[in-house]
Amino acid sequence: MSSLNDVKSRALGKLVASKIKQEFPVANLGVLHEPVFRGRELDYTRQCIESGFVSSVGEFVNRFEEQLSLRFEGRSVVATNTGTSALHLALIGAGVNEGDEVIIPAATFVATANAVRMCGAIPHFVDIELSSMALDTQLLEEYLSDLLEPRLEGQFNRQSGRRVSAVVVVHLFGHSAPVKEILGVIDPYALPLVEDAAEAVGSIFHARPVGTSSALAALSFNGNKIVTTGGGGAVVAESAEVARLLKHLSTTAKKPHPWEYFHDMPGFNYRMPNVNAALGCAQLEQLDLFVEAKRSLVGRYASALGDVSDVELVTEPSGGRSNYWLQTILLEQSHDLSAVLGALHEEGIGARPLWKPLHELPMYERCPRSPLGVTESLSGRLINLPSGVGVAA
Ligand SMILES: *Cc1c(COP(=O)(O)O)cnc(C)c1O
């Protein structure tokens with residue numbers, strides 16, 4: 001079943017692949033984002049194993065949190081075992097309760113919605129804008145003013161009758177969302193903002209680290225993120241008191257005591273193990289180098305693909321300095337995305353589409369939502385290209 005469109009799109013995929021291979025003749029282009037270990041990873045993990053402290057107590061976890069805190073304007077940091085658990089804790093910190101609704105984009109990794117569900121709450125999808133690929137501020141303003149009804153206990157969805165208790169903004173592919181504008185829209189409703197900064201570790205926006213413009217942010221150190229702990233995450237909190245509570249919840253809510261097991265809340269086993277933190281300390285030492293390397297990639301993709309028509313390279317928002325976690329191209333509307341991806345894969349390029357929009361997944365298809373035209377159009381046009389530090393050098 002080969003339409004004219006497929007032929008045109010396959011040819012585009014082949015052309016893009018050949019341009020990329022020409023630009024990066026020795027790189028491993030078969031994976032989207034390969035981790036790089038060029039620092040003290042072995043040294044630190046060896047120390048960890050030799051000390052016997054490999055689990056949830058140990059020097060490296062504290063050190064990792066301190067190093068992160070330095071990068072996040074001295075805010076309190078709680079290291080966790082995954083980015084998803086960090087998001088779950090951040091939502092709890094924001095006051096999300098069972099039965100609430102939480103406004104999130106549908107154009108994000110599934111973990112954003114899963115963390116909402118882990119609170120017993122319901123994701124409520126709002127569309128993104130093309131320029132930042134984050135929640136559309138103007139749409140959000142109009143949408144919330146129609147949707148919300150103030151009551152004593154907060155803002156309620158007029159249709160569902162459920163409380164709307166938070167908004168989550170996602171800094172997609174490392175590019176900052178316009179957080180200030182979004183805060184301008186939701187502040188009058190006293191809705192807290194949580195930043196899903198999982199992809200944006202090391203990104204700067206208006207001279208501040210991405211993840212510090214609201215009260216709570218979640219980071220990820222999964223194997224495919226810019227710096228990795230194998231698996232891991234962290235909450236960055238403006239309030240030291242909230243951070244203390246979240247750390248308590250992440251360590252089964254156990255009261256410190258030499259021998260007694262006393263837990264005063266239903267907690268979680270979310271603490272980052274020491275051996276993962278050891279890896280993380282070594283990786284963080286290289287974060288600035290990694291950001292430089294990944295930023296150099298966008299120029300090289302621009303020169304490789306500059307004269308290819310029907311392909312547009314996504315660049316950082318003005319006022320920002322992105323970590324360029326994933327390099328991104330947008331195809332001209334008329335192309336068949338699968339045909340382009342198929343051709344890229346045949347040529348050994350580990351390219352990927354956008355995650356399937358969350359309202360198209362079976363467990364989230366009945367969730368409340370705004371019209372999602374931009375999300376849907378983007379998901380038919382977007383391709384992430386190999387972006388690891390190792391591609392650059
Ligand atoms: C990676 C990621 C997370 C967290 O994922 P984990 O694999 O649990 O660390 C959350 N949100 C987004 C947008 C992500 O990309």
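Notes on the structure follow. None of the values given here were measured: they were computed from a predicted structure.

Overview of the site of the ligand
Here comes step 1: Of all residues adjacent to the ligand, which total 15 residues, the nearest are Thr84, Asp196, Glu199, Ser220 and Lys225.
Here comes step 2: Within the side chain of Thr84, one N or O atom sits 2.5 Å away from an oxygen atom of the ligand.
Here comes step 3: Expressed as a share of its isolated accessible area of 380 Å², the protein-covered part of the ligand is 93%.
Here comes step 4: Within the residue set of the shell around the ligand, elements represented by two or more residues are α4 (83–93) and α5 (111–118).
Here comes step 5: Grouping the constituent residues of the shell around the ligand by class yields four nonpolar, eight polar and three charged.

Some thoughts on unusual backbone geometry
Across the chain, the bulk of peptide bonds are trans and the bulk of non-glycine residues have phi less than zero.
Here comes step 1: Backbone geometry at Glu73 places phi at a positive 55°, although glycine is not the residue there.
Here comes step 2: Structurally, Glu73 can be placed in the loop between α3 (59–71) and β1 (76–80).
Here comes step 3: With phi around 60°, Phe173 is a residue other than glycine that occupies positive phi space.
Here comes step 4: Within the secondary structure layout, Phe173 lies in the loop between β6 (163–170) and α7 (179–186).
Here comes step 5: Among the residues examined, Phe173 registers a relative accessible area of 0% and is labelled buried.

Some words on α4
Here comes step 1: Taking burial as the measure, the eleven residues of α4 include eight buried ones, the bulk of the element.
Here comes step 2: If you check which residues of α4 are buried, you get Gly83, Ser85, Ala86, Leu87, His88, Leu89, Ala90 and Leu91.
Here comes step 3: Here α4 starts with a cap whose side-chain oxygen sits 3.3 Å from the backbone nitrogen of Thr84, and that cap is Thr82.
Here comes step 4: In the segment just after α4, Gly95 is the residue with positive phi, at about 95°.

Some thoughts on the pairing of strand β4 (residues 148–151)
Here comes step 1: Sheet topology places β4 next to strand β5 (residues 154–157); four bridges connect them, and they run antiparallel. For Glu149, the partnering residue across the bridge sits in β5 and is Phe156.
Here comes step 2: Where β4 folds back onto β5 in an antiparallel hairpin, the turn is made up of two residues.

Focus: the sheet that holds strand β13 (residues 320–321)
Strands in a sheet are paired, the pairing made by backbone hydrogen bonds, and the direction either parallel or antiparallel.
Here comes step 1: If you walk across this open sheet you meet the three strands as β9-β8-β13, and the pairing is antiparallel. Here the strands that pair on one side only, and so sit at the sheet edges, are β9 (208–209) and β13.
Here comes step 2: Looking at chain direction, strand β8 (residues 204–205) and β9 are connected through two bridges and run antiparallel. Across the sheet, Ile204 pairs through a bridge with Pro209, a residue of β9.

Criteria and thresholds
Residues numbered from 1 in each chain as written. Predicted model: local features only at pLDDT ≥ 70, side-chain atom pairs only at ≥ 80, totals over all residues. Heavy atoms only, no water. Near = heavy atom within 4 Å. Polar contact = N/O pair within 3.5 Å; in protein donor to acceptor, adjacent residues only side chain to side chain. Areas by Shrake-Rupley, 256 points an atom, 1.4 Å probe, with all protein chains shown as cover. Helix = DSSP H or I, 4+ residues; strand = E, 2+ residues; numbered from the N terminus. Nonpolar A, V, L, I, M, F, W, Y, C, P; charged D, E, K, R; others polar. Buried < 20%, exposed > 50% of the residue type's maximum accessible area, 1.4 Å probe, protein only. Pairing = 2+ DSSP bridges.

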